[in-house]
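# Fold and geometry: a report
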Amino acid sequence: MKKTTIWAKSLVVFVGGIFMATAQSTANKPIKVQKRTLMDKFEPDFVKPVDERIALKEKRIASQQQTKKILDTLDISDRKRRRLMRELRRSPFSERIQKTILAETEFEDEIDNNPKK
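Bear in mind the structure is a predicted one, so any value in this text is a computation, not a measurement. (Residues numbered from 1 in each chain as written. Predicted model: local features only at pLDDT ≥ 70, side-chain atom pairs only at ≥ 80, totals over all residues. Heavy atoms only, no water.)

Next up on the list: the pattern of salt bridges. Tallied over the entire structure, the rule returns two salt bridges. In this structure, the salt-bridge partner of Asp78 is Arg81, at a minimum N-O distance of 3.2 Å. Here Asp78 pairs with Arg81, and both are found in helix H4 (residues 78-90), just three residues apart, close to one helical turn. Residue classification places Asp78 among the exposed residues on the basis of a relative accessible area of 52%. When its relative accessible area of 15% is taken as the criterion, Arg81 is described as buried. (Salt bridge = Lys/Arg side-chain N within 4 Å of Asp/Glu carboxyl O. Helix = DSSP H or I, 4+ residues; strand = E, 2+ residues; numbered from the N terminus. Buried < 20%, exposed > 50% of the residue type's maximum accessible area, 1.4 Å probe, protein only.)

Okay, a positive patch on the surface next. Where like charges cluster on the molecular surface, the positive patch consists of Lys68, Arg79, Arg82, Arg83, Arg86, Arg89 and Arg90. Looking at the positive patch element by element, the count peaks at six residues for H4. Structurally, the position occupied by Arg86 is in helix H4. A relative accessible area of 39% places Arg86 in the partly exposed class. (Patch = residues over 30% accessible without salt bridge, like charges linked within 9 Å, V, L, I, M, F, W, Y side chains within 5 Å. Areas by Shrake-Rupley, 256 points an atom, 1.4 Å probe, with all protein chains shown as cover. Lys, Arg positive; Asp, Glu negative; His and termini not counted. Charge placed at Lys NZ, Arg CZ, Asp CG, Glu CD.)

Looking now at the side chain of Ser94. Summarising the element assignment, Ser94 is placed in the loop between H4 and helix H5 (95-104). In terms of polar contacts, Ser94 uses its side chain to reach the backbone amide nitrogen of Arg96, at 3.2 Å. (Polar contact = N/O pair within 3.5 Å; in protein donor to acceptor, adjacent residues only side chain to side chain.)

Shape descriptors only; they carry no functional weight alone.
Structure follows, in structure tokens:
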């Protein structure tokens, strides 16, 4: 009986380790974009090259991650935070997200000049 529980526990740990290893490897996927677009067929002068599109996509992802970090640190309700995170996934440059960040941000100069009573 003792051997079967030890084997069962080791099997669970092994399977959990496999899932953790695959989760870590999927986080570092290379960024892919289409090599040829429909617009490239008709107007090749207007389409940006692949390396520029990859750079733009990396910049957008970095901006999205930075906005997510900012939303995590704001002092807002969990419900509003979840709603803003969904909005961030749908449209990263949403006006609603920017308004919330600006409304909740307190700058150091304002805090120093106007102490709360």
